[in-house]
Amino acid sequence: MTFTDLSPPPSGPVTLQAAKTFLRVDHDDEDALITDLIDSAGRQIEPLICTSLITRPQRLTKRVRGGCVYLNRYPVTSVEAVRVDGEGVDYTANLKARPASFRIDAPDGTVCEIGFTAGYGTEPSDIPTPLRQALLLLVAHLYEHREGDIPPLPLMVGALLQPYRGVRL
């Protein structure tokens, strides 16, 4: 199973200014570092909760099992194409389920590609507040421990993410 971003998110999951305010940083010397930490925190959180925070086009490459493919990304806003061996195929999908499911008439083991768009929206304000708060806490954690020896995720980050964790199939 491979997820590929077809284009980068149009914005970060939180703004640089929001992160600087949360970190109580009032200078511009570390803007590049903080921007990288925001990106890193988002890339850590998304797979943990099987979610795309900022809406963007993506592709899943996965083998068909029992005529079904599960898409472990949420929320899916649209499906652009479903291909089996490079050819477009008919499918039925339940995009509201978590994970989204696709019924595809293809033999087991066949490689399927699904082009889709997923995410809460294009702006940080579109992301649910608990997820933004977890991201800010993780940015603060990474900022504080940037010397190298990073302890495990703070418990509050896990607690804020728990209601958003998806089922992995």
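Structure's up top.
From a predicted model like this one, the values you see are computed outputs, not experimental measurements.

Caption draft 1: The arrangement of the sheet that holds strand β3 (residues 68–71) in detail. Across the sheet, which stays open at both edges, the three strands sit in the order β3-β7-β6 with antiparallel pairing between neighbours. Both outer strands of the open sheet, β3 and β6 (91–94), are each paired with one neighbouring strand and no more. Averaged over all pairs of adjacent strands, the angle between their axes in this sheet comes to 20°, without regard to strand direction. Both β6 and strand β7 (residues 100–104) contribute to a ladder of four bridges, which runs antiparallel. Following the sheet pairing, Thr92 is matched in β7 by Arg103.

Caption draft 2: Spotlight on helix α3 (residues 129–144). The end-to-end C-alpha separation of α3 is 22 Å, in line with the 22 Å expected for 16 residues at 1.5 Å each. Among the residues of α3, those classed as buried are Leu131, Ala134, Leu135, Leu136, Leu138, Val139, Ala140, His141, Leu142 and Tyr143. Considering only its buried residues, α3 is in contact with α1 (16–23), α2 (31–49) and α4 (155–161).

Caption draft 3: A look at the environment of Arg73. Assignment of secondary structure puts Arg73 in the loop between β3 and β4 (76–84). The spacing of Arg73 and Asp5 is 68 residues in sequence and 12 Å in space, taken between C-alpha atoms. In contact with Arg73, other than residues within four places in its own chain, are Phe3, Glu46, Cys50, Thr51, Ser52, Gln58, Phe116 and Ala118.

Caption draft 4: Here's a closer look at the sheet that holds strand β8 (residues 111–118). The antiparallel open sheet is built from five strands, whose spatial order is β1-β2-β8-β4-β5. On the outer flanks of this sheet lie β1 (2–5) and β5 (87–88), each paired with one strand and no other. Bridging between β1 and strand β2 (residues 56–63) involves four bridges; their strand directions are antiparallel. From the neighbouring strand, Asp5 faces β2, where its bridge partner is Gln58.

Conventions we followed
- Residues numbered from 1 in each chain as written.
- Predicted model: local features only at pLDDT ≥ 70, side-chain atom pairs only at ≥ 80, totals over all residues.
- Heavy atoms only, no water.
- Pairing = 2+ DSSP bridges.
- Helix = DSSP H or I, 4+ residues; strand = E, 2+ residues; numbered from the N terminus.
- Axes fitted to C-alpha atoms, helices over the stretch in contact; angles between N-to-C directions.
- Expected span 1.5 Å × (residues − 1).
- Buried < 20%, exposed > 50% of the residue type's maximum accessible area, 1.4 Å probe, protein only.
- Contact = heavy atoms within 4.5 Å.

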